[in-house]
Amino acid sequence: TECGPGLTFMVQFYYVVQDPEGTVGYRPRNKIQEAYAERWVNAFNAFNPPKFLHDQFVQRYRRLPFFDDIFAFAGEWNPMHPGYNVSDLEDDIRQMDQYSELPLLG
């Protein structure tokens, strides 16, 4: 599915870049499809534990063929639960490493 935490805007933006005039009535002056393909990185803030992130974001992201070569950037990591500490963060990073099928930055 193209919907889910963090995905909806990424997918909508992809469609706008592919057909800016047809989707939002914008006529670009530059080659935005080329710039998107060569330089774009999707970004999100992760406020959930690794298992949720994997199930609700990573798996869905990987099923979308137009994101095959588009990295995702985790700009902030904050599962927002009381008592979260450095040890928890290290555990979360190890768990995310298990889900390496996503071209993840950050």
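Residues numbered from 1 in each chain as written. Predicted model: local features only at pLDDT ≥ 70, side-chain atom pairs only at ≥ 80, totals over all residues. Heavy atoms only, no water.

1. Description of the overall build of the chain
Piece 1. Looking only at helices and strands, the chain features five helices and three strands.
Piece 2. By residue count, 28% of the 106 residues in the chain fall in the buried class.
Piece 3. Carbon together with sulfur atoms contributes 53% to the accessible area of the chain, which is approximately 6,900 Å² in total. (Helix = DSSP H or I, 4+ residues; strand = E, 2+ residues; numbered from the N terminus. Buried < 20%, exposed > 50% of the residue type's maximum accessible area, 1.4 Å probe, protein only. Areas by Shrake-Rupley, 256 points an atom, 1.4 Å probe, with all protein chains shown as cover.)

2. A closer look at the confidence of the model for the chain
Piece 1. The predicted model of the chain has a mean per-residue pLDDT of 86, with 90% of residues at 70 or higher.
Piece 2. Here strand E3 (residues 104-105) stands out as the element of the chain with the lowest mean pLDDT, 62, in contrast to helix H2 (residues 20-24), whose mean of 97 is the highest. (pLDDT = per-residue confidence, 0-100.)

3. Remarks on the nonpolar core
Piece 1. Met10, Phe44, Phe57, Tyr61 and Phe67 are the most contacted members of the largest nonpolar core, which totals 19 residues.
Piece 2. Looking at this core, the elements that each hand over two or more residues are helix H1 (7-18), strand E1 (42-46), helix H4 (50-62) and strand E2 (72-77). (Core = buried A, V, L, I, M, F, W, Y, C linked by side-chain atoms within 4.5 Å.)

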